[in-house]
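Tertiary structure, described
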Amino acid sequence: MAEQPPREAGGNGIAVEVQDRAVTVRPAGEIDIETAPALQLALTEALTHASPTRPVAVDCSLLTFCDSSGLNALLTARRAAQETGTVIRLAAPNPQLQRLLEVTGALSLFPVEQDPPAVGRPPGGIPDGLPH
């Protein structure tokens, strides 16, 4: 499959970038009760393009805040991804998101990378985006 340019999922302001070997979701700003549905929509769209060999990376580098609504969207998407053997990774989570994941026990549920994925490249610089 050829790369597709980033586009906003359902016009919600969250870019979903589909590449040959990964799908990247790029939320920005605050994810709270008002914006979590947009994140959920973007993650749902990303999962339609994802597979065990094409994981989803959530680029958290532009997030300034995430509450339990955003965490719920991530956990819901993770559950859906597990059903197909797909991995959802979190890239460059800020200290607030990292703490939310730790306090809720959700940190161990997501592979975490410290650097955001480059635009147009798979997460972590690994060709297939999977751990080796």
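Everything that follows concerns the structure shown earlier in this document.
What comes next concerns the included structure. Small disclaimer: the values here were computed from a predicted structure and weren't measured.

Within the chain, the regular secondary structure consists of three helices and eight strands. When the helices and strands of the chain are placed in sequence order, the string is β-β-β-β-α-β-β-α-β-α-β. Evaluated residue by residue, the chain yields a buried proportion of 45% over its 132 residues. Summing over all exposed atoms, the chain offers an accessible surface of approximately 6,400 Å²; the carbon and sulfur share of this is 57%.

If you look at the biggest cluster of nonpolar residues, it comprises 31 residues, and the most contacted ones within it are Val 25, Leu 39, Val 56, Val 58 and Ile 88. Mapped by element, the contributors of at least two residues to this core are strand E2 (15-18), strand E3 (23-26), helix H1 (36-49), strand E5 (56-59), strand E6 (63-66), helix H2 (68-83), strand E7 (88-91) and helix H3 (95-104). By residue number, the principal contributor to this core is H1, which donates seven residues. Excluding residues that lie within four positions of it along the chain, Val 25 makes contacts with Ile 14, Ala 15, Leu 39, Ala 42, Leu 43, Ala 46, Val 56, Ala 57, Val 58 and Asp 59.

Where H1 meets H2, the axes come as close as 9 Å, and the angle between the chain directions of the two elements is 20°. Judged by the inter-axis angle, H1 sits roughly parallel to H2. Considering how the two elements wind past one another, H1 and H2 form a crossing that is right-handed. Contacts from Ala 36, Leu 39, Gln 40, Leu 43 and Leu 47 of H1 reach H2 at Ser 69, Gly 70, Asn 72, Ala 73, Leu 74, Thr 76, Ala 77, Ala 80 and Ala 81. In terms of residue class, the contact of H1 with H2 is made up of nine nonpolar, five polar and no charged.

Residues of E5 alternate between two faces, with Val 56 and Val 58 on one and Ala 57 and Asp 59 on the opposite face, all of them buried. Inspection of the sheet shows E5 paired to E7 by four bridges, in the parallel sense. Paired with Val 58 across the strands is Leu 90, a residue of E7.

In this section: the pattern of salt bridges. Opposite charge on two side chains permits pairing when their charged atoms draw close. Tallying each qualifying case throughout the model produces four salt bridges. Linking Glu 17 and Arg 26 is a salt bridge whose minimum nitrogen-to-oxygen distance equals 3.3 Å. What makes Arg 26 buried here is its relative accessible area of 15%. In this structure, the salt-bridge partner of Arg 26 is Asp 59, at a minimum N-O distance of 2.5 Å. Note that Arg 26 is positioned in strand E3 and Asp 59 in strand E5, a separation of 33 residues in sequence.

With 16 residues, H2 extends 23 Å from end C-alpha to end C-alpha; this agrees with the ideal 22 Å at 1.5 Å per step. The secondary structure elements touched by the buried residues of H2 are strand E4 (29-31), H1, E5, E6, E7 and H3. In this structure Asp 67 caps H2, since a side-chain oxygen of it lies 2.8 Å from the backbone nitrogen of Ser 69.

The next thing to look at is the environment of Leu 43. Looking at the secondary structure, you find Leu 43 in helix H1. For the pair formed by Leu 43 and Arg 26, sequence separation is 17 residues and the distance between their alpha carbons is 9.8 Å. If near-sequence neighbours (up to four positions away) are discounted, Leu 43 is found in contact with Val 25, Val 58, Ala 73, Leu 74 and Ala 77.

Rules behind the numbers
Along each chain, residue indices are assigned from 1 in the same order as the chain's sequence is written. Since the coordinates come from a predicted model, pLDDT governs what is reported: local features require at least 70, and pairs of side-chain atoms require 80 or more to be given and counted, while whole-chain, interface and lining totals use all residues. Computation of side-chain values: all heavy atoms of the structure, hydrogens and water removed. Only runs of H or I of at least four residues qualify as helices and only runs of E of at least two qualify as strands under DSSP, and these elements are numbered from the N terminus. The cut-offs for exposure are 20% and 50% of the maximum accessible area for each residue type, with area from a 1.4 Å probe on protein chains only; residues under the lower value are buried, those over the upper are exposed, and the others partly exposed. Using the Shrake-Rupley algorithm and a 1.4 Å probe, accessible areas are obtained, with residue cover drawn only from the displayed protein chains. What we call a nonpolar core is a set of buried Ala, Val, Leu, Ile, Met, Phe, Trp, Tyr and Cys residues that are connected through their side-chain atoms within 4.5 Å. In what follows, residue pairs with any heavy atoms lying within 4.5 Å of each other are defined as contacts. The axes are straight lines fitted to the C-alpha atoms, using for helices just the contacting stretch, and the angles between their N-to-C directions are given from 0 to 180°. Any angle from 65 to 115 degrees is called roughly perpendicular, while one under 35 is roughly parallel, one over 145 is roughly antiparallel, and all others are oblique. Should the near helix be turned counterclockwise from the far one by less than a right angle, the crossing is left-handed, whereas a clockwise turn marks it as right-handed. All amino acids are sorted into three groups, where Ala, Val, Leu, Ile, Met, Phe, Trp, Tyr, Cys and Pro are nonpolar, Asp, Glu, Lys and Arg are charged, and the leftover types, Gly among them, are polar. We call two strands paired when DSSP finds no fewer than two bridges between them. We define a salt bridge as a contact between a side-chain nitrogen of Lys or Arg and a carboxyl oxygen of Asp or Glu at a distance within 4 Å. Given a helix with a known number of residues, its expected span is that number minus one, times 1.5 Å. Side-chain atoms alone can form a polar contact between residues adjacent in sequence; in general such a contact is a pair of N or O atoms within 3.5 Å, and within protein one must be able to donate a hydrogen while the other accepts it.

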